[in-house]
Amino acid sequence: MSSSSADELSPRESFLLERASVALNRFDDETPEIYRRPIDLPAQVQDWVAGWGGRSLFLTGGIGVGKTHTAWKTCRRWLEAQYGPGQPWQGSPVIKTFRSTALFDALRPDAPEGEGRTLSKQLQRVDLLFIDDLAAARPSTWTQERLFEIFDERYIRRRPVIITCDVLPNQLSEVTGPRVASRLAEMCGNSIVLLEGRDRRQGVAA
Ligand SMILES: Nc1ncnc2c1ncn2[C@@H]1O[C@H](COP(=O)(O)OP(=O)(O)O)[C@@H](O)[C@H]1O
Ligand SMILES: [Mg+2]
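All values derive from a computational prediction rather than experimental measurement. (Residues numbered from 1 in each chain as written. Chains lettered and ligands numbered in written order. Predicted model: local features only at pLDDT ≥ 70, side-chain atom pairs only at ≥ 80, totals over all residues. Heavy atoms only, no water.)

A. Main features of the overall build of the protein chain. Of the regular secondary structure elements, the protein chain holds eight helices and five strands. Taken from the N to the C terminus, the helices and strands of the protein chain come in the order α-α-β-α-β-α-α-β-α-β-α-α-β. Referenced to the eigenvectors of the C-alpha coordinate spread, the extents of the protein chain come out at roughly 70 × 45 × 30 Å. Taking as baseline every contact in the protein chain between residues at least 6 positions apart, the subset at least 24 positions apart corresponds to 83%. Positive and negative side-chain charges of the protein chain, numbering 27 and 27 respectively, have mean locations separated by a distance of 3 Å. (Helix = DSSP H or I, 4+ residues; strand = E, 2+ residues; numbered from the N terminus. Contact = heavy atoms within 4.5 Å. Lys, Arg positive; Asp, Glu negative; His and termini not counted. Charge placed at Lys NZ, Arg CZ, Asp CG, Glu CD.)

Take a look at the structure:
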């Protein structure tokens, strides 16, 4: 009869648990405090995490309905899920998050020596890229080209993005250019979640 109890963890399980907790703590440290509090995720978003197979996620809805909070929490749940049984990670998945305004600024041609290029290469490769409020900024033609490089590589490699935006993917052409909008629509497929309700910020001071 074996001396180990049924709920004792194998060395591999303990190793994965330890690695998950380091990665999740690191992600929590990088998460702005306002987005750390617990919220419920919509069922469609929970389904996206549970059935994830390389697909991207598009969160849309009006101002203040909870898109950014939902996206941060979704990134965390996705990260958590990568350490579940049967996951193939050898290392720890890398998540990068950007507000579109900051991203477009960083990709500009006058960004310090080569930084835009380095960033666009990095964002082609990260395991999950979250861009917040994609339609909030108007990129130049140059920035649209960098955005295309990022999205085209991610599209080819089936690397996911999480986008929050107050318009639908088919209305994004003006912002991202038609080639990015078309790829994004295919990357998300039917994983487009409309968050409804009032502007939650309006109720805060009452
Ligand atoms: N699921 C939620 N449950 C309760 N409050 C939420 C939830 N999501 C967001 N909030 C609150 O709603 C407000 C707006 O959220 P935010 O994610 O910034 O909206 P959006 O990105 O759609 O403009 C914030 O005050 C936030 O604390
Ligand atoms: Mg937002």
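B. Spotlight on the environment of Pro 178. If you trace the backbone, Pro 178 turns up in helix α8 (residues 178-188). In this structure, the C-alpha to C-alpha distance between Pro 178 and Gln 144, residues 34 residues apart in sequence, is 9.8 Å.

C. Broad picture of the packing of helix α5 (residues 115-125) against helix α6 (residues 141-157). Close contact between α5 and α6 brings their axes to 8 Å; oriented N to C, the two are set at 25°. Taken as axis vectors, α5 and α6 run roughly parallel relative to one another. Regarding α5 and α6, the two cross each other, and that crossing is right-handed. Side by side, α5 and α6 meet where Arg 117, Ser 120, Leu 123, Gln 124 and Arg 125 of the first sit next to Trp 142, Arg 146, Glu 149, Ile 150, Glu 153 and Arg 154 of the second. Class assignment of the residues belonging to the contact of α5 with α6 gives a composition of three nonpolar, two polar and six charged. (Axes fitted to C-alpha atoms, helices over the stretch in contact; angles between N-to-C directions. Parallel < 35°, antiparallel > 145°, perpendicular 65-115°, else oblique. Left-handed = near helix turned anticlockwise from the far one by under 90°. Nonpolar A, V, L, I, M, F, W, Y, C, P; charged D, E, K, R; others polar.)

D. View of the site of ligand 1. What surrounds ligand 1 is a group of 13 residues, the closest being Arg 37, Gly 64, Lys 67, Thr 68 and Arg 201. Arg 201 is positioned with one of its side-chain polar atoms (N or O) 2.7 Å from an oxygen atom of ligand 1. A total of 570 Å² of accessible area belongs to ligand 1 in isolation, and the protein chains cover 82% of it. In terms of residue class, the shell around ligand 1 is built from three nonpolar, five polar and five charged. (Near = heavy atom within 4 Å. Polar contact = N/O pair within 3.5 Å; in protein donor to acceptor, adjacent residues only side chain to side chain. Areas by Shrake-Rupley, 256 points an atom, 1.4 Å probe, with all protein chains shown as cover.)

E. Quick peek at the nonpolar core. In this structure, Leu 103, Leu 134, Phe 151, Ile 163, Leu 172 and Leu 184 are the most contacted members of the largest nonpolar core, which totals 27 residues. Breaking this core down by element, the ones donating at least two residues are α4 (100-106), α5, β3 (128-132), α6, β4 (161-165) and α8. Counting residues in each nonpolar core, the second largest holds 24 residues, with Leu 24, Val 45, Tyr 83 and Leu 195 among its members. (Core = buried A, V, L, I, M, F, W, Y, C linked by side-chain atoms within 4.5 Å. Buried < 20%, exposed > 50% of the residue type's maximum accessible area, 1.4 Å probe, protein only.)

F. Expanded view of the packing of helix α2 (residues 43-50) against helix α3 (residues 67-81). Interhelical geometry of α2 versus α3 gives an angle of 30° and a closest axis separation of 9 Å. In terms of orientation, α2 lies roughly parallel with respect to α3. Here α2 and α3 pass one another in a crossing that is right-handed. Contact residues: α2 offers Val 45, Gln 46, Trp 48 and Val 49, while α3 offers Thr 70, Thr 74, Arg 77, Trp 78 and Ala 81.

G. Highlighting helix α1 (residues 11-30). Its 20 residues give α1 an end-to-end C-alpha distance of 29 Å, which sits within 8% of 28 Å, the value for a rise of 1.5 Å per residue. Buried within α1 are the following residues: Leu 16, Arg 19, Ala 20, Ala 23, Leu 24 and Phe 27. Viewed end-on, α1 has its buried residues packed into an arc of 130°, placing them on one side of the element. Turned more than 90 degrees from where α1 packs its buried face, Pro 11, Leu 17, Glu 18 and Asp 29 sit exposed. (Expected span 1.5 Å × (residues − 1). Arc of directions from axis to C-beta.)

H. Local environment of the pairing of β3. Burial of β3 is extensive: five of the five residues sit out of reach of the surface. Neither face of β3 is left uncovered, since the one carrying Leu 128, Phe 130 and Asp 132 and the one carrying Leu 129 and Ile 131 both have all their residues buried. Relative to β3, strand β2 (residues 95-99) runs parallel, the two being bridged by five bridges. Bridge pairing in β3 links Arg 99 to Asp 132. In the sheet, β3 pairs with β4 via three bridges, with the strands oriented parallel. (Pairing = 2+ DSSP bridges.)

Coordinates in, geometry out; function isn't part of it.
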